[in-house]
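Each chain, letter by letter, is given below.
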Amino acid sequence: MWSPDLYARALDFAAHAHGAQRVPGTGLPYTVHLAKVAAEALRACVEDPSRDANLCLACALLHDTLEDTATPYERLVEEFGDAVARGVRALTKNSALPKHERMTDCLARLALEAPEVRMVKLADRITNLEPPPPAWSSSKRAAYRDEAREIARALHGLSAHLDARIAARIEAYGAHVDAGA
Ligand code: NI
């Protein structure tokens, strides 16, 4: 069973690391995004008790600490152990690559990781398939949906619950693609 103490410790750590960052387009603290991703991931672990829910929730709450903050990898190892630090690193896009190669690279690296880590990638995209910023063009929205389909395909079969969630979100996102300028 998952630990509320670990949840609180990872959320505190992430809140300090992300500082004043906001969820793009909403003005909300970045931790709101992290808590939503953790909720998606935890629900999937409740549906399948064979999953390590603590690994899943820690990776969910910390998934952007290496990508978007100055947190060193070693700090994650110290605070949360090797498995969590390794998972967060796998969920981090390689900024040295050209932008259009980053997702494919990330999915290829994730294929080598524990299912709980890969489930966080699905939970993250499910969360991010909220209504897009009004300024996004129709083609940008369509590209975002296509990328979501690529993620859903690459990570299919880890969790029937997450597979259904992302399929429904992709379907619903279609209305925003059609509504884009
Ligand atoms: Ni995210």
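Here the structure is a predicted model, which means the values were calculated and not measured.

Take the packing of aromatic side chains next. If you walk through the whole model with that rule in mind, you get four aromatic pairs. With a centroid separation of 6.1 Å and an interplanar angle of 55 degrees, the aromatic rings of Trp 2 and Tyr 7 are classed as tilted. With 6.0 Å between their ring centres and 45 degrees between their planes, Tyr 144 and Tyr 173 make a pair best called tilted. Of this pair, Tyr 144 sits in helix H9 (residues 138–154) while Tyr 173 sits in helix H10 (residues 160–179), and the two are 29 residues apart along the sequence. Across the pair, Tyr 173 and Tyr 144 agree in class, each one buried. The structure contains a cluster of three or more aromatic residues connected by ring pairs, namely Trp 136, Tyr 144 and Tyr 173. Looking at Arg 89, its charged tip hangs above the ring of Tyr 73, at a distance of 4.3 Å from the centre.

The next thing to look at is the layout of surface pockets. Of the voids in this model, the largest pocket is the one considered here, and its volume is about 1,300 Å³. Looking at the largest pocket, it is lined by 39 residues, and the ones nearest its centre are Lys 93, Arg 125, Asn 128, Trp 136 and Tyr 144. Breaking the lining of the largest pocket down by element, the ones donating at least two residues are helix H2 (30–47), helix H4 (65–68), helix H7 (99–110), helix H8 (115–128) and H9.

Between helix H3 (residues 53–62) and helix H6 (residues 82–90), the least distance of the axes is 9 Å, while the angle of their chain directions is 45 degrees. In terms of orientation, H3 and H6 fall into the oblique class. Here H3 and H6 pass one another in a crossing that is right-handed. Every residue of H6 that contacts H3 at Leu 55, Ala 58, Cys 59 and Leu 62 is listed here: Ala 83, Val 84, Gly 87 and Val 88. Among the residues making up the contact of H3 with H6, the classes are represented as seven nonpolar, one polar and no charged.

Moving on: the side chain of Lys 121. Mapped onto the elements, Lys 121 comes out in helix H8. This buried residue, Lys 121, is left without a salt bridge; Asp 124 holds the nearest opposite charge, at 4.5 Å. Here Lys 121 is in contact with Leu 91, Met 103, Cys 106, Leu 107, Leu 110, Ile 151 and Leu 155, once residues within four sequence places are set aside.

Over its 17 residues, H9 extends 24 Å from the first C-alpha to the last, a length consistent with the 24 Å expected when each residue adds 1.5 Å. Turning to H9, its buried residues number three or more, namely Arg 141, Ala 142, Tyr 144, Arg 145, Ala 148, Ile 151 and Ala 152.

Membership of the largest hydrophobic core comes to 53 residues, with the highest contact counts inside it found for Leu 62, Leu 76, Phe 80 and Val 84. Here this core gets nine residues from one element, more than from any other, and that element is H3. Residues contacting Phe 80, with those up to four places away along its chain left out, are Leu 6, Arg 9, Ala 10, Phe 13 and Leu 62.

Now for the side chain of His 63. Position of His 63 relative to the elements: it lies in the loop between H3 and H4. Note on His 63: relative accessible area 2%, which makes it buried. Within the structure, His 63 has its side chain in polar contact with the side chain of His 33 (distance 3.3 Å). Side chain to side chain, His 63 and Asp 64 meet in a polar contact 3.0 Å long. When near neighbours in sequence (up to four residues on either side) are disregarded, His 63 contacts His 33, Leu 34, Val 37, Val 88, Leu 91, Thr 92, Val 120 and Asp 124.

Rules used in this analysis
- Residues numbered from 1 in each chain as written.
- Predicted model: local features only at pLDDT ≥ 70, side-chain atom pairs only at ≥ 80, totals over all residues.
- Heavy atoms only, no water.
- Phe/Tyr/Trp six-rings, centres within 6.5 Å; stacked < 30°, edge-to-face > 60°.
- Helix = DSSP H or I, 4+ residues; strand = E, 2+ residues; numbered from the N terminus.
- Buried < 20%, exposed > 50% of the residue type's maximum accessible area, 1.4 Å probe, protein only.
- Lys NZ or Arg CZ within 6 Å of the ring centre and 35° of its normal.
- 1 Å grid on protein atoms, 1.4 Å probe; cavity = no way out; pocket = protein on both sides within 12 Å on 5 of 7 lines; lining within 4 Å.
- Points joined across faces, edges and corners; volume = space filled by probe spheres on them.
- Axes fitted to C-alpha atoms, helices over the stretch in contact; angles between N-to-C directions.
- Parallel < 35°, antiparallel > 145°, perpendicular 65-115°, else oblique.
- Left-handed = near helix turned anticlockwise from the far one by under 90°.
- Contact = heavy atoms within 4.5 Å.
- Nonpolar A, V, L, I, M, F, W, Y, C, P; charged D, E, K, R; others polar.
- Lys, Arg positive; Asp, Glu negative; His and termini not counted.
- Salt bridge = Lys/Arg side-chain N within 4 Å of Asp/Glu carboxyl O.
- Expected span 1.5 Å × (residues − 1).
- Core = buried A, V, L, I, M, F, W, Y, C linked by side-chain atoms within 4.5 Å.
- Polar contact = N/O pair within 3.5 Å; in protein donor to acceptor, adjacent residues only side chain to side chain.

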